Amino acid sequence: MSRFFYSAFAILFLASCARPAPEPLVEKSETSGVDYLKKIREYDRGQRSREPIVIPVTEPLQAGEMVTMLHAVDRHMNFLRRELSQGKRGATVRGRKLFFSKQFTALKTLRDDLKNEVARNCAGKESSCAVTATIEKKMNELFKPIASRSRHKVLMTGYFAPEYQARKQRTSLYRYPLYPMPSLQKGKLKRLTRYEIDYRGALEDKVLPLAGMKNEMERFLVHVLGSARLVFGDGTKAVVGYAGDNGKPYVSLGRLMIRDKTYTSNQVTNPVLVDYFEKHPERFKKYAKKLPRYIFFRFKKEPMGSTGVPVTAMHSIAVDPKVIPYGAMAYLDAKLPVVVSGKVRRWEKKKLLVFGQDTGSGIRGNHIDLFVGFGDRAGDIAGRLKDDAYLTYLLQRR
């Protein structure tokens, strides 16, 4: 479990428990004069900062999406390289054998082709540059869809990594702690519930918190999502990610509120629940007794998926490994909202190249969770994703 992930339905209802990436669905680029060739060279030298290299783009420009895809492909290749080094040859996807060595070779060719495509078409140009060859053309040269049952209908939700104000030490204002994994015997740890830790101070004299947060609901969302970026008072930032849990089962807050007839299933969204507990903070304590699972954290350079590689916005999905194995790659056909000032302006059809790189306690069966990115903008999108989508699984051509 490594998800931090905030999805209206997935997070607080079905739940998913993840990392830096560009803001998706940019309405308008404010950047001009970008040195794209320099960015490609930086990529080749591995001089990547915590934020992925992003070329701001407007529709129908695809160059920026290609550069972002380089990160997703490169990270997936790192996963494949590790699996192969451990003697793992492949996985089975919808009854067909996926060979990691062949997938690695094909992805390396794809990555090199995309890099050259962006450098050739966008070097020295502003954000209005056009890319001649499409992703689909290159993908068709290297990969093929699984012949039978090629389109897999799934429930798609979304998750993201929030960004919250915090302090390196607890204060009277920032009094809600994020704890590291305590050095307790497994049996003793499992006896501790959320209520005992947060309201009875079961760990206060045993564990030094990583940070203090200002808002109890924000802390709970970090627990549900499994990761967040914290902004401290001195302006520094740090990513916290999943380090472990108390071994208790996951219980959905959304379902509890539906059972209590506070909301119907159609009304349960993350913004609705956040708003409810902001207006009625004293009522969260009652639910805390029914939410026993507790998450512990550690500092990380960036959010990591369950596969041990960083997740990339709009390219990483959390899956149930029993249904969709780690290492699977596919085209995702879905509708994504364009959100402006907290309101959905329109929904756009998107075809995204995605990789199974994460999982979560609420991801079961034909349910996937799309990583959307960092911050409020990503949260606005992730919190509205709860719809059918289709995966077309890809195998490398011989």
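Residues numbered from 1 in each chain as written. Predicted model: local features only at pLDDT ≥ 70, side-chain atom pairs only at ≥ 80, totals over all residues. Heavy atoms only, no water.

Details of the overall build of the chain
Operational definition: In DSSP terms, a helix is any run of H or I states spanning at least four residues, a strand is any run of E spanning at least two, and both are numbered starting from the N terminus. When a residue's accessible area, from a 1.4 Å probe over protein chains only, is under 20% of the maximum for its type it is buried; when over 50% it is exposed; and in between it is partly exposed. Surface accessibility in these figures is a Shrake-Rupley result with a 1.4 Å probe; residues are shielded only by whichever protein chains are displayed.
Each helix and strand counted, the chain has 12 helices and 15 strands in total. Counting the 398 residues in the chain, one finds 56% classified as buried. Surface summary for the chain: the accessible area is close to 17900 Å², and the carbon and sulfur share equals 47%.

Concerning the pairing of strand β5 (residues 163–167)
Selection criterion: Between any two strands, pairing holds if DSSP finds at least two bridges.
Of the two faces of β5, the one lined by Tyr-164 and Ala-166 is fully buried and the one lined by Glu-163, Gln-165 and Arg-167 carries no buried residue. The pairing of β5 with strand β7 (residues 211–213) spans 2 bridges and is antiparallel. Each bridged residue has a counterpart across the sheet, and for Ala-166 the counterpart in β7 is Met-213.

Here's the deal with the sheet that holds strand β6 (residues 176–178)
The strands making up a sheet associate through backbone hydrogen bonding, with each pair oriented either parallel or antiparallel. Heads up, the rule is: Angles run from 0 to 180 degrees between N-to-C directions of axes, and those axes are lines fitted to C-alpha atoms, restricted for helices to the stretch in contact.
Strand order in the open sheet made by the 6 strands is β6-β7-β5-β8-β9-β10, with mixed pairing throughout. With one partner strand each, in any of the chains shown, β6 and β10 (295–300) form the two edges of the open sheet. Taking each pair of neighbouring strands and ignoring which way they run, the sheet shows an average axis angle of 45°.

Structural notes on helix α10 (residues 270–279)
Applicable threshold: The arc in question is the one traced by the directions running from the helix axis out to the C-beta atoms.
The complete set of buried residues in α10 reads Asn-270, Leu-273, Val-274, Tyr-276 and Phe-277. When α10 is viewed along its axis, its buried side chains cluster within an angular range of 160° and face the same direction. Projecting away from the buried face of α10 at angles above 90 degrees are the exposed residues Glu-278 and Lys-279.

Some details on the packing of aromatic side chains
Selection rule: Each Phe, Tyr or Trp ring, with Trp reduced to its six-membered ring, pairs with another whose centre is within 6.5 Å; inter-plane angles below 30 degrees give stacked pairs, above 60 give edge-to-face pairs, and intermediate values give tilted ones. Two limits define a charge over a ring: the Lys NZ or Arg CZ must be within 6 Å of the ring centre, and within 35 degrees of the ring normal.
On inspection of all chains with the given rule, the structure shows 9 aromatic pairs. On the basis of an interplanar angle of 90° and a centroid distance of 5.5 Å, the ring pair of Phe-277 and Phe-284 is categorised as edge-to-face. According to the relative accessible area criterion, Phe-277 is buried, its value standing at 4%. Residues Tyr-294 and Phe-296 carry aromatic rings whose centres are separated by 5.4 Å and whose planes lie at 55° to one another, so their mutual orientation is tilted. The pair Tyr-294 / Phe-296 is uniform in exposure class, with both members buried. One aromatic cluster is present, formed by Phe-220, Tyr-263, Tyr-276, Phe-277, Phe-284 and Tyr-287 through successive ring pairs. Sitting above the plane of the Phe-99 ring, Lys-102 keeps its charged end 5.1 Å from the centroid. A cation over a ring is seen here: Lys-351 above Tyr-331, with NZ or CZ 5.2 Å from the ring centre.

Observations concerning the environment of Pro-182
Take Pro-182: it is sitting in the loop between β6 and α6 (186–190). Taking the C-alpha atoms as reference points, Pro-182 and Val-207, separated by 25 residues in sequence, lie 6.2 Å from one another.

Brief notes about unusual backbone geometry
Look at Arg-94: it is not a glycine, yet its phi comes out positive at around 50°. Looking at where Arg-94 falls in the secondary structure, it is placed in the loop between β1 (90–93) and β2 (96–99). The backbone of Lys-261 sits at a positive phi, close to 65°, despite the residue not being glycine. Among the secondary structure elements, Lys-261 is positioned in the loop between α9 (253–259) and α10.

Section: the nonpolar core
What counts here: In this text, buried Ala, Val, Leu, Ile, Met, Phe, Trp, Tyr and Cys residues form a nonpolar core when linked through side-chain atoms within 4.5 Å.
By size, the foremost hydrophobic cluster in this structure holds 53 residues, and its most contacted members are Leu-107, Met-156, Leu-332, Leu-353, Ile-368, Leu-370 and Leu-391. Counting residues in each nonpolar core, the second largest holds 18 residues, with Tyr-164, Tyr-176, Met-213 and Ile-295 among its members.

Things to note about the side chain of Arg-194
Under the convention used in this document: Counted as positive: Lys and Arg. Counted as negative: Asp and Glu, with His and the chain ends omitted from the count. Put simply, a salt bridge is a Lys or Arg side-chain nitrogen that is within 4 Å of an Asp or Glu carboxyl oxygen. By definition, residues are in contact when any of their heavy atoms lie within 4.5 Å.
As for its placement among the helices and strands, Arg-194 is situated in helix α7 (residues 194–199). As a buried residue without a salt bridge, Arg-194 has its nearest oppositely charged side chain in Asp-198, at a separation of 4.2 Å. Once you skip the residues sitting within four places of it in the chain, Arg-194 turns out to touch Tyr-199, Phe-220, His-223, Ala-288, Leu-291, Pro-292, Arg-293 and Tyr-294.

Quick look at the pattern of salt bridges
Pairing of side chains with opposite charge becomes possible as their charged atoms draw close. Applying the stated criterion to the full structure yields 19 salt bridges. Where Arg-75 meets Glu-302, a salt bridge forms, and the shortest distance between an N and an O atom there is 3.5 Å. Of this pair, Arg-75 sits in helix α3 (residues 63–85) while Glu-302 sits in the loop between β10 and β11 (316–318), and the two are 227 residues apart along the sequence. For Arg-75, a relative accessible area of 10% gives the class buried.

Digging into the confidence of the model for the chain
The condition that has to hold: A score between 0 and 100, pLDDT records how confident the predictor is in each residue.
This prediction gives the chain a mean pLDDT of 79; 78% of its residues lie at or above 70. Across residues 4–37, confidence stays below pLDDT 50; counting only partners more than four residues off in sequence or on other chains, it has 186 contacts. Low pLDDT, under 50, characterises residues 43–62; the stretch is placed with 51 contacts to residues that sit more than four places away or in other chains.

Considerations on the pairing of strand β15 (residues 386–396)
The sheet contact formed by strand β3 (residues 143–145) and β15 spans 3 bridges and is antiparallel. Bridge pairing in β15 links Phe-143 to Gln-396. Examined bridge by bridge, strand β4 (residues 151–161) and β15 share 7 bridges and lie antiparallel to one another. In the strand pairing of β15, Lys-153 is matched with Tyr-390.

Considerations on helix α8 (residues 216–225)
The condition is simple: Pairing of N or O atoms within 3.5 Å defines a polar contact, subject to two protein rules: one partner must be a possible hydrogen donor and the other a possible acceptor, and residues neighboring in sequence count only if both atoms are side-chain atoms.
For α8, a buried count of 9 out of 10 residues is recorded, marking the element as mostly surrounded by other parts of the structure. At the N-terminal end of α8, a side-chain oxygen is found 2.7 Å from the backbone nitrogen of Met-217, two or three residues along, and the residue is Asn-215. Gly-226 lies just past α8 and shows a positive phi near 85°.

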